[in-house]
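Overview (structure and organization)
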Protein chains: 2
Amino acid sequence: MFAFAPSPRVRPSPFYEAIVADGVKGFTVYNHMCLPVGFGDPAAEYDRLMNGVSLWDVAAERQVEIQGPDAARIVQTLSARDMSKCAIGQGKYTPMCNRDGILVNDPIVLKLADDHFWVSIADSDVKLMAEGIAYGQNLNVKVCEPDVSPLALQGPKAVEVVAHVVGDWVRDLKYFWFRETEIDGIPVVVQRSGWSKQGGFEVYLRDGSKGTQLYNIFNEAGKAWGIGPGNPNNMERIESGLVSVGTDTDDTTNPFEVRLEKFVNLDIDADVIGLDALRRIHAEGPKRHTLGVVFDDNKESEFANASFYADVRWQSASRNGKPVGHVTATTPSIRMGKIIGFALVNRADANIGDSIEVTNGRGEVSQATLVDIPFV
Amino acid sequence: MFAFAPSPRVRPSPFYEAIVADGVKGFTVYNHMCLPVGFGDPAAEYDRLMNGVSLWDVAAERQVEIQGPDAARIVQTLSARDMSKCAIGQGKYTPMCNRDGILVNDPIVLKLADDHFWVSIADSDVKLMAEGIAYGQNLNVKVCEPDVSPLALQGPKAVEVVAHVVGDWVRDLKYFWFRETEIDGIPVVVQRSGWSKQGGFEVYLRDGSKGTQLYNIFNEAGKAWGIGPGNPNNMERIESGLVSVGTDTDDTTNPFEVRLEKFVNLDIDADVIGLDALRRIHAEGPKRHTLGVVFDDNKESEFANASFYADVRWQSASRNGKPVGHVTATTPSIRMGKIIGFALVNRADANIGDSIEVTNGRGEVSQATLVDIPFV
């Protein structure tokens, strides 16, 4: 483990002072902002997410605000998913690709008005791609990063805390739908959303000067349900089969290879960056697929380090000595009682049920089995 | 200070194993890659840079490779500087802006051939802006991030080490000019360059599997000149007046405000993103300027923490109680014997010689004086 400090270029979030007070121990960087990765008690953090309610500073999920007469047009150009049916107040998860059909982001697009969208991004500067398209096509649209910072409540009891603070109407919000409102005078958007499969909400703070205040409102209200700090949880997301763009993908990965085919619409009748390439890739058949991997042996040392990612680079996967792809992420799994992970492997060479050998960065070889996703 | 670990999404560089062996203590993240920030002895690291030779893993200065019949056209569209006179084998430092004339990057563009460029970027995804423009204008150009990772040798003795390894011809390289060559069979580009004012070279590794080998070649060869590890040095860059885009700029900063006017050509006769806005800003007169700031009192504690950035956010600057802008970066300065920094302040309210009050993130107020840049 190494030392790290926030700075104006790798920005602390509006919730930074609050999470420091709550005992944050480590960070990663996501969209040029500090994203917490642990609070010192991985078992308790996992348990809160699975059985209670966990409070996450996910301000690093920055928004790209797109506004103006051509806003809907450019949002569709960026999106490999048909956005024409997206209603005001609705969010849609969508893959975004480059001209070659390579995944560059997988945001949730929020439609605030017919000419006003937020693109709630994974870790790449979608803002710059939107600027480039708007310039190249001379579109009438403003692109900016607004003062908007999501705070997530995740876990089965999240709905109780959010309903207590915001009102019982949140119980009726459908997944990814949202509403603009205020909490003690603080402007927010409340959305049923979040980067886990345990249910919950994201509360988009619209005034960065109120981060500590908003954090403390939920932290206080949540005490009755045992709330505590957390962050996007590597163990839970792998168990649940959630892809992390940039972790499980690289500059050669298309959406079909990471199980996102159901979010790609090949028949969109509009300008879409990468659509021609996606049609070609689909017609030819994607060469790789993402499967689960379960390691045959457990390593106690890996369980002990559950709070951080297991390896610094993709691990090599081979079958009967032949390279078949990579293991992109691994984690000890409390629910499985095993070390598990994701494998991005050649369809022709590696499928569910096959045994593979995985070589980690230290040259150690482990036996593992390919399985379906999600694990649980 | 917090904990940090590399992962596939915040990638270790090809020199990672070598710098771990050399005692790296901390990282920041730059272009989705780990950039070292210290090796445990800030005074020695500064001294090597000023008086000897320092070896830097700056692989996080990623390249955007632009290739094809429209390559020169899109490079000019991205650049606020006239690139028409750039020769093959030459590099040019250029501001890049969005449609509003706001600085989004300040790379060095390297022209490898008439239809082949590298854009050696600061910390934002220029690749995605290039993709957007290429899509929007239907340009015939390939954009990618190639397997290219700069290793820098900086300091007055850098030329001796590089000449010893590569050959005496490097002594004749002009600033930002480069040549493609090999070192023990490893393909590299050698450029007179580097993110300090102490002179030196960047050796662009073109085979990421050879990072440790290349690092060790220079580390061994440099022993006669007292080489040791280092990284872009906050103290030296502030003393020398080097802007850091993303640190000293935000989403409202144009090139004129951060002393880059000499790199902006308003009379370019070509498509350039942001050129109209830059002409308007220039005609109206930029509202802010960047000045040096010298604090009246030294704080011993700040000298003790010289290896990391001094504050997590911009500090507020006021004059006679009126807000005038921000202090964007500070450092203890060994050469000045003072705490110094950069101030981005209103031209109408704050100029060289003025006294200002600076309020840091802990609410502490310091008196300081505005001065010209560079400091030394």
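Residues numbered from 1 in each chain as written. Chains lettered and ligands numbered in written order. Predicted model: local features only at pLDDT ≥ 70, side-chain atom pairs only at ≥ 80, totals over all residues. Heavy atoms only, no water.

All names here are of chain A. Along the chain, Arg-62 falls in the loop between strand E4 (54–57) and strand E5 (63–67). Engagement of the side chain of Arg-62 in a polar contact is seen with the backbone oxygen of Val-148, the distance being 3.4 Å. Of note is the side chain of Arg-62, whose polar atom sits 3.1 Å from the side chain of Ser-149. (Helix = DSSP H or I, 4+ residues; strand = E, 2+ residues; numbered from the N terminus. Polar contact = N/O pair within 3.5 Å; in protein donor to acceptor, adjacent residues only side chain to side chain.)

Another aspect to go through is the sheet that holds strand E12 (residues 149–154) of chain A. Sheets are built from strands paired through backbone hydrogen bonds, the pairs being either parallel or antiparallel. Residues and elements named next belong to chain A. One open sheet holds the six strands; their spatial order is E13-E14-E15-E12-E4-E16, and the pairing between them is mixed. Of all strands in the sheet, those with a lone pairing partner are strand E13 (178–183) and strand E16 (228–230), marking the two edges. Strand-to-strand twist in this sheet, taken as the mean axis angle between neighbours without regard to direction, amounts to 30 degrees. As paired strands, E13 and strand E14 (residues 186–192) are joined by six bridges and run antiparallel to one another. Residue Glu-182 lies in a different strand from E14, and its bridge partner there is Pro-187. Where helix H5 (residues 158–166) meets the sheet, it contacts E12, E13, E14 and strand E15 (200–205), and its direction lies at approximately 125 degrees from that of E12. (Pairing = 2+ DSSP bridges. Axes fitted to C-alpha atoms, helices over the stretch in contact; angles between N-to-C directions. Contact = heavy atoms within 4.5 Å.)

Once that is clear, we can look at the environment of Gly-89 of chain B. Residue and element names in this part refer to chain B. Positionally, Gly-89 belongs in the loop between helix H3 (71–78) and strand E6 (91–93). Accessibility expressed as a relative area gives 10% for Gly-89, which makes it buried. Counting along the chain gives 89 residues from Gly-89 to Phe-178, while the straight-line C-alpha distance between them is 5.3 Å. Discounting residues that sit within four places of it in the chain, Gly-89 has contacts with Lys-111, Trp-177 and Phe-178. (Buried < 20%, exposed > 50% of the residue type's maximum accessible area, 1.4 Å probe, protein only.)

A separate point is the nonpolar core. In a soluble, globular protein the nonpolar side chains are often hidden away together inside. Leu-153, Leu-214 and Phe-218 of chain A together with Leu-153, Leu-214 and Phe-218 of chain B are the most contacted members of the largest nonpolar core, which has 95 residues in total. Beyond its immediate sequence surroundings of up to four residues, Leu-153 of chain A is in contact with Val-53, Ser-54, Leu-55, Ala-158, Val-161, Val-162, Gly-199, Gly-200, Phe-201, Val-203, Phe-218 and Ile-227 of chain A. (Core = buried A, V, L, I, M, F, W, Y, C linked by side-chain atoms within 4.5 Å.)

Moving on, we get to the relation of the copies chain B and chain A. A rotation about an axis combined with a shift along that same axis relates the two copies of the chain. Screw-axis analysis of chain B against chain A gives a translation of 0.0 Å along the axis, an RMSD of 0.0 Å, and a rotation angle of 180 degrees. Taken together, these values place the two copies in the relation of a two-fold axis. (Least-squares fit on C-alpha atoms with pLDDT ≥ 70 in both.)

Cis geometry is adopted by the peptide bond preceding Pro-374 of chain A, which originates at Ile-373 of chain A and carries an omega value of 0 degrees. Within the secondary structure layout, Pro-374 of chain A lies in the segment after strand E22 (365–371). The backbone of Asp-184 of chain B shows a phi angle near 50 degrees, a positive value even though the residue is not glycine. The residue Asp-184 of chain B is located in the loop between strand E13 (178–183) and strand E14 (186–192) in this model. Given the relative accessible area of 64%, Asp-184 of chain B is considered exposed. Non-glycine residue Asn-320 of chain B carries a positive phi angle of around 50 degrees. Tracing the chain through its elements places Asn-320 of chain B in the loop between strand E18 (315–319) and strand E19 (322–333).

Each full turn of the α-helix corresponds to 3.6 residues, which orients residues three or four apart in the same direction. Residue and element names in this part refer to chain A. By the burial criterion, the buried members of H5 are Ala-158, Val-159, Val-161, Val-162, Ala-163 and Val-166. Check the buried side of H5 and you find it contacts E12, E13, E14, E15 and helix H6 (211–221). Positive phi appears at Gly-167, one or two residues downstream of H5, with a value of about 130 degrees.

Between chain B and chain A, the contact holds 61 residues from the first and 62 residues from the second. Of the roughly 5,200 Å² buried where chain B meets chain A, counting both sides, 55% is carbon and sulfur surface. Summed over the three residues of chain B that lose the most area to chain A, namely Phe-2, Arg-9 and Tyr-135 of chain B, the buried surface amounts to 18% of that side. For the pair chain B and chain A, the number of links is eight salt bridges. Residue Asp-251 of chain B pairs with Lys-127 of chain A through a salt bridge whose shortest N-O separation is 3.4 Å. The set of elements that each furnish at least two residues to the side of chain B that touches chain A consists of strand E1 (2–4), helix H1 (16–21), strand E2 (26–30), helix H4 (126–136) and strand E11 (142–144) of chain B. No other element matches H4 of chain B, which puts 10 residues into the side of chain B that touches chain A. Within the side of chain B that touches chain A, the residues separate by chemical class into 33 nonpolar, 14 polar and 14 charged. (Buried area = accessible area lost by both parts, 1.4 Å probe. Salt bridge = Lys/Arg side-chain N within 4 Å of Asp/Glu carboxyl O. Nonpolar A, V, L, I, M, F, W, Y, C, P; charged D, E, K, R; others polar.)

Residues and elements named next belong to chain B. Spatially, five strands are ordered E6-E9-E10-E5-E11 in an open sheet, and the strand pairing comes out antiparallel. Every other strand in the sheet has two partners, leaving E6 and E11 as the edge strands with one partner each. Strand-to-strand twist across the sheet, computed as the mean angle between neighbouring axes with direction ignored, equals 20 degrees. With three bridges connecting them, strand E5 (residues 63–67) and E11 associate as antiparallel partners. Within E11, the position partnered with Glu-65 by the bridge is Cys-144. Relative to the sheet, H3 contacts E5, strand E9 (108–113) and strand E10 (116–120), its axis offset from that of E5 by approximately 135 degrees. Each of E5 and E11 is contacted by H4, which is oriented at about 160 degrees to E11, the strand it contacts most.

All names here are of chain B. Structurally, Gln-198 is set in the loop between E14 and strand E15 (200–205). For Gln-198, a relative accessible area of 18% corresponds to the buried category. Between the C-alpha atoms of Gln-198 and Lys-157, which are 41 residues apart in sequence, the distance is 9.4 Å. Apart from the residues within four sequence positions on either side, Gln-198 is in contact with Leu-49, Met-50, Gly-155, Pro-156, Glu-236, Ser-240 and Arg-335. A distance of 2.6 Å separates a polar atom in the side chain of Gln-198 from a polar atom in the side chain of Glu-236.

Residue and element names in this part refer to chain B. What you see with strand E4 (residues 54–57) is no split at all: Ser-54 and Trp-56 on one side and Leu-55 and Asp-57 on the other are buried throughout. As judged from the three bridges shared by E4 and strand E16 (residues 228–230), these two strands associate in the parallel manner. The partner of Leu-55 across the bridge, within E16, is Pro-229.

So, about the packing of H3 of chain B against H4 of chain B. Residues and elements named next belong to chain B. Direction vectors running N to C along H3 and H4 enclose 115 degrees, while the axes themselves pass 11 Å from each other. Considering only the axes of H3 and H4, their crossing is right-handed. Every residue of H4 that contacts H3 at Ile-74, Thr-77 and Leu-78 is listed here: Val-126, Met-129, Ala-130, Ile-133 and Ala-134. Here the contact of H3 with H4 is composed, by residue class, of seven nonpolar, one polar and no charged. (Left-handed = near helix turned anticlockwise from the far one by under 90°.)

In this section: the pattern of salt bridges. The tally for this structure, following the rule as stated, stands at 41 salt bridges over all chains. The shortest N-O distance in the salt bridge between Arg-288 of chain A and Glu-257 of chain A comes to 3.0 Å. Linking Arg-288 of chain A in strand E17 (residues 288–295) with Glu-257 of chain A in the loop between helix H7 (234–240) and helix H8 (275–284), this pair joins segments that are 31 residues apart in sequence. Beyond isolated ion pairs, a larger network of salt bridges with shared partners links Arg-11, Arg-62, Lys-127 and Glu-145 of chain A together with Asp-251 of chain B.

So, on to the packing of H5 of chain A against H6 of chain A. All names here are of chain A. Packing of H5 against H6 brings their axes to within 9 Å, and their N-to-C directions diverge by 115 degrees. Here H5 and H6 pass one another in a crossing that is right-handed. Taken together, the residues of H6 that come into contact with H5 (itself represented by Val-161, Val-162, His-164, Val-165 and Val-166) are Ile-217, Phe-218 and Ala-221. Per-class residue counts for the contact of H5 with H6 are seven nonpolar, one polar and no charged.

This brings us to the pairing of E14 of chain B. Along any regular strand the residues' side chains alternate between the sheet's two faces. Residues and elements named next belong to chain B. Counting buried positions along E14 gives six out of seven residues, so the element sits mostly inside the fold. Note that E14 and E15 share five bridges and pair antiparallel. If you follow Val-189 over to E15, its bridge partner there is Tyr-204.

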